[in-house]
Amino acid sequence: MKVVHSLQELRMARGGLPGPLGFVPTMGYLHEGHLSLVRRAKSECASVAVSIFVNPAQFGPSEDLASYPVDLPRDQALLEREAVDLLWIPTAEQMYPAGFQTWVTVEELTRPLEGEHRPGHFRGVATVVAKLFNAVQPDRAYFGLKDAQQLAVVRRMAQDLDFPLEVVACPTVREADGLAMSSRNSRLNPKERQAAAVLYRALSAARQAYAGGERESEALRRRMAEMLQTEPLARIQYVSVADPETLAELQGEVRRALLSMAVFVGKTRLIDNVIVGDPETA
Ligand code: AMP
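What you see is a predicted model; the values in this text were computed from it and never measured. (Residues numbered from 1 in each chain as written. Predicted model: local features only at pLDDT ≥ 70, side-chain atom pairs only at ≥ 80, totals over all residues. Heavy atoms only, no water.)

Undergrad: Whenever I open this one, the site of the ligand confuses me. Can you help?
TA: For the ligand, the set of nearby residues contains 16 residues, the closest of which are Met27, His34, Asp147, Val173 and Met181. Between the ligand and Met27 there is a distance of 2.9 Å, counted from an oxygen atom to a backbone nitrogen or oxygen. In this structure, Val173 approaches the ligand through a main-chain N or O atom, which is 2.9 Å from a nitrogen atom. Here the ligand loses 93% of its free accessible area of 480 Å² to cover by the protein chains. The set of elements that each furnish at least two residues to the shell around the ligand consists of strand E2 (21-26), helix H2 (32-44) and strand E5 (140-144). In terms of residues, the shell around the ligand owes the most to one element, H2, which gives 3 residues. Looking at the shell around the ligand, its residues break down into 7 nonpolar, 7 polar and 2 charged. (Near = heavy atom within 4 Å. Polar contact = N/O pair within 3.5 Å; in protein donor to acceptor, adjacent residues only side chain to side chain. Areas by Shrake-Rupley, 256 points an atom, 1.4 Å probe, with all protein chains shown as cover. Helix = DSSP H or I, 4+ residues; strand = E, 2+ residues; numbered from the N terminus. Nonpolar A, V, L, I, M, F, W, Y, C, P; charged D, E, K, R; others polar.)

Encoded structure:
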């Protein structure tokens with residue numbers, strides 16, 4: 001695995017890689033969720049590039065940028081083991097040099113859900129992903145459904161800005177108790193870690209209600225909220241039943257829907273989602 005830092009080195013190394021090139025952008029502190037994207041890319045592409053960059057532009061002033069977990073030697077060893085071809089670790093100074101002032105804004109899709117609670121977050125995401133795509137020039141880029149709105153925003157951005165690549169969606173990898181894997185889970189103390197399983201229990205309760213014939217969006221939202229409220233360490237930021245394509249909140253009867261939530265467990269903010277009404281899961 002070749003490890004590069006500067007844009008010049010990245011471009012040189014990228015030039016020598018056989019296509020199609022698969023790309024997995026990450027913020028590091030890798031877990032099985034990230035590795036599932038890498039394995040999918042390996043299985044579909046002749047070569048695979050991964051980036052590790054904790055993007056300051058997507059963190060709000062009161063968010064956890066300074067304490068975001070980092071362990072580059074461990075990440076590097078994990079990627080080496082997956083036979084990744086190229087690892088790019090840019091610096092913030094290089095991505096956002098003095099005078100930087102060009103931003104990518106995706107409009108409607110970034111207003112609800114995470115966008116409502118994390119102002120500026122998706123401007124940071126769309127901008128950095130556009131820069132990563134420009135630098136790496138992948139044929140396919142792999143993103144997790146765990147961050148469903150991010151996936152929708154990146155898809156829209158890639159289409160609107162004519163990036164000649166395919167955005168590939170990968171399923172959420174979970175712990176044995178259902179908790180979606182996340183670098184942020186490392187912040188949970190043992191009690192919080194146990195409590196965090198309530199997110200998936202809430203999603204499962206609503207999914208089960210849907211499977212049993214419940215179609216009222218408000219009843220599905222209530223089902224999630226009630227389950228979350230059984231856990232004293234959990235504090236709901238939002239629960240949502242939204243259109244999986246537009247992400248607009250749904251009222252009344254629903255068919256296909258993105259069930260999603262953001263919940264604080266202690267000081268750690270966790271998000272998770274499932275889709276109901278897919279032809280294969282209906
Ligand atoms: P992050 O390092 O959190 O920015 O995540 C990098 C990529 O990994 C994003 O496309 C995420 O959606 C994806 N990802 C994170 N957690 C999981 C998970 N538990 N299962 C599948 N993909 C994930």
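From this point on, the discussion continues.
Undergrad: Sorry, what's going on with the layout of surface pockets here?
TA: Gaps between atoms show up when a probe of the same size as a water molecule is rolled over them. Here the second largest pocket defines a volume of roughly 370 Å³. Lining the second largest pocket are 18 residues, and of these Leu151, Ala152, Arg155, Pro244 and Glu245 lie nearest its centre. Broken down by element, the lining of the second largest pocket gets its largest block of residues, 6 residues, from helix H7 (residues 148-160). In terms of residue class, the lining of the second largest pocket is built from 10 nonpolar, 2 polar and 6 charged. (1 Å grid on protein atoms, 1.4 Å probe; cavity = no way out; pocket = protein on both sides within 12 Å on 5 of 7 lines; lining within 4 Å. Points joined across faces, edges and corners; volume = space filled by probe spheres on them.)

Undergrad: Honestly, the sheet that holds strand E7 (residues 234-242) in this entry has me stumped. Any pointers?
TA: The strands making up a sheet associate through hydrogen bonds between their backbones, and the pairing can be parallel or antiparallel. With respect to topology, 3 strands assemble into an open sheet ordered E7-E8-E9, the strand pairing being antiparallel. Strands at the two margins of the open sheet, each flanked by one partner only, are E7 and strand E9 (268-276). Adjacent strand axes in the sheet meet at a mean angle of 15 degrees when their direction is disregarded. Both strand E8 (residues 257-265) and E9 contribute to a ladder of 9 bridges, which runs antiparallel. Across the sheet, the residue bridging to Phe264 is Arg269, located in E9. Relative to the sheet, helix H9 (residues 198-211) contacts E7, E8 and E9, its axis offset from that of E9 by approximately 20 degrees. (Pairing = 2+ DSSP bridges. Axes fitted to C-alpha atoms, helices over the stretch in contact; angles between N-to-C directions. Contact = heavy atoms within 4.5 Å.)

Undergrad: I tried to follow the environment of Ala209 on my own but got confused; where do I start?
TA: Within the fold, Ala209 resides in helix H9. Along the sequence, Ala209 and His31 sit 178 residues apart, while their C-alpha atoms lie 31 Å from each other.

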